[in-house]
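# Structural features, examined
Residues per chain, in single letters:
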Amino acid sequence: MKGNIKEITKEIVKNEKILLVGHILPDGDDVSSLTSMKLGLEKLGKKVSAVIDDDIPEYLLQFPTIKASIESFKDVENNIYQNFDLMIILDSSSPDRVGRFEKYLNSFRVLLIDHHVTNTHFGNINWVDPTMGSTAQMVYRILKDFNIDYDNELANMNLLGIATDTGFFKYQNAGSTVFRDAADLIEKGANISYIANTILDNTPLEHILLYKDILNELKITSEGRIAYSLLTLGMLAKYNILPKDSPSFVENIRSIRNVEIAIVFQEYKENLYHVSLRSKKWADVSKIALKYGGGGHPRAAGFSIQTRNIEKSIKEIVEDISKYLRESIGDLTF
Ligand code: AMP
Ligand code: MN
Ligand code: MN
């Protein structure tokens, strides 16, 4: 069923015990959306739990409110039917993104709030709006509709995802509504330099040292338009970095002049790789990710692969992406 914000708020009014679910390999937008939605709905008197079936990266646990707000699968799996009467899924484009919560999708009434163009509309009510820069911005619209009284921390938690999913207000998805909603949150007490300092100017030294090794693996092809690198469990182990805390550096690689598509193949379990894709100006990487069973946005997308021969898989995928680039460049007028 197709939905909009009104249908979402109507359902929230009708239900008291709400389970908020985010996606595996969580990012800033996901934890921000869950935390701010939880704090906001609690101000309405709802009983709310916010859960992600995955570990939260260390850079996001730097925010004490995130650490205190987000629970794990095992925290809620007992008596889940008695404890909750509505499930709201945030920032997740397909059922596999919610991890073990996938098996409960048919037993709950499910509201889906998301901004991925690749969303498969798997909820009972789906508010999916790819014109939104982040899911956190959609959460802001919901809490605004309810006239929630923001305190500084709620404003910070809500602004965090709007900032991270727009690359701190510089990607193509940073349209005028992003700045208007962000300005509202700053008026309500959010502090953008606190958020930026905590995320951007707080890099563990080991991550910078790891970057040297990623640059050693860097390869450039397709007349300089594609740059890619590899990050293995062995490279992480050298610096004692856990896979869940690993930076991918895909955005650093994209910043190289003339590069249109950046790719990082990141091993997160033995023989299992997450492939992060970024484009700079025109290539639609969400289409590439969809083809490989993943999803995302035109400028940022991803998918997972299982392989015992990563060099061979990289060669095949990079050749496929080069072909896509050659074919689509013909349709473009610059
Ligand atoms: P990442 O490269 O992991 O930062 O992901 C970039 C974007 O692609 C984010 O919006 C993710 O939600 C989306 N994405 C990444 N991996 C997947 C996947 N396996 N399935 C669907 N969407 C994904
Ligand atoms: Mn996300
Ligand atoms: Mn998002």
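Quick look at the structure, then.

Calculation rules
Residues numbered from 1 in each chain as written. Chains lettered and ligands numbered in written order. Predicted model: local features only at pLDDT ≥ 70, side-chain atom pairs only at ≥ 80, totals over all residues. Heavy atoms only, no water. Donors = N, O, S within 2.8 Å, 3.2 Å for Na, K, Ca; no water. Helix = DSSP H or I, 4+ residues; strand = E, 2+ residues; numbered from the N terminus. Near = heavy atom within 4 Å. Polar contact = N/O pair within 3.5 Å; in protein donor to acceptor, adjacent residues only side chain to side chain. Areas by Shrake-Rupley, 256 points an atom, 1.4 Å probe, with all protein chains shown as cover. Core = buried A, V, L, I, M, F, W, Y, C linked by side-chain atoms within 4.5 Å. Buried < 20%, exposed > 50% of the residue type's maximum accessible area, 1.4 Å probe, protein only. Contact = heavy atoms within 4.5 Å. Arc of directions from axis to C-beta. Phe/Tyr/Trp six-rings, centres within 6.5 Å; stacked < 30°, edge-to-face > 60°.

### So, the coordination of the manganese ion (ligand 3)
Those protein atoms acting as donors to the manganese ion (ligand 3) are Asp 29 (OD), Asp 91 (OD), His 115 (NE2) and Asp 165 (OD), and they sit at 2.2 to 2.3 Å. Spacing between the donor residues of the manganese ion (ligand 3) along the chain follows D-x61-D-x23-H-x49-D. Separating the manganese ion (ligand 3) and the manganese ion (ligand 2) is a distance of 3.7 Å, and Asp 91 donates to both of them. With a gap of 50 residues between them, His 115 in the loop between strand 5 (110-114) and strand 6 (125-128) and Asp 165 in helix 8 (residues 152-165) connect regions that are remote in the sequence.

### With respect to the site of ligand 1
What surrounds ligand 1 is a group of 14 residues, the closest being His 116, His 274, Ser 276, Arg 278 and Gly 295. At 2.8 Å from an oxygen atom of ligand 1 is found a side-chain nitrogen or oxygen belonging to His 274. Across the complex, the protein chains shield 85% of the 480 Å² of accessible surface that ligand 1 would expose by itself. Sorting the residues of the shell around ligand 1 by element identifies strand 10 (272-279), strand 11 (295-296) and strand 12 (300-306) as the ones contributing at least two each. Counting residues per element, the shell around ligand 1 draws most heavily on strand 12, at 4 residues.

### Points about the nonpolar core
Within soluble globular proteins, side chains that are nonpolar generally end up buried alongside one another. Counting residues in each nonpolar core, the largest one holds 49 residues, and the members touching the most others are Ile 12, Leu 20, Met 37, Ile 88, Ile 113 and Ile 142. Once you skip the residues sitting within four places of it in the chain, Ile 113 turns out to touch Ile 8, Met 37, Ile 88, Ile 89, Leu 90, Asp 91, Trp 127, Thr 135, Met 138 and Ile 142.

### Overview of helix 10 (residues 192-200)
Those residues of helix 10 that fall on the buried side of the exposure criterion are Ile 195, Ala 196, Thr 198 and Ile 199. Projected down its long axis, helix 10 carries its buried residues within an arc of 165°, all on one side. Looking at the buried residues of helix 10, the elements they touch are helix 3 (58-61) and helix 8.

### Remarks on the packing of aromatic side chains
Counting across every chain of the model gives 9 aromatic pairs. Where Phe 73 meets Tyr 104, the ring centres are 6.5 Å apart and the plane angle is 40°; that geometry is what we call tilted. Here Phe 73 is found in helix 5 (residues 73-76), whereas its partner Tyr 104 is found in the loop between strand 4 (86-90) and strand 5, with 31 residues between them in sequence. For the pair Phe 73 and Tyr 104, a shared accessibility class is recorded, and that class is buried.

### Things to note about the environment of Asn 119
Checked against the element boundaries, Asn 119 lands in the loop between strand 5 and strand 6. For Asn 119 and Gly 296, which are 177 residues apart along the polypeptide, the C-alpha to C-alpha distance reads 8.3 Å. Within the structure, the side chain of Asn 119 is placed 2.6 Å from the backbone nitrogen of His 121, a separation counted as a polar contact.

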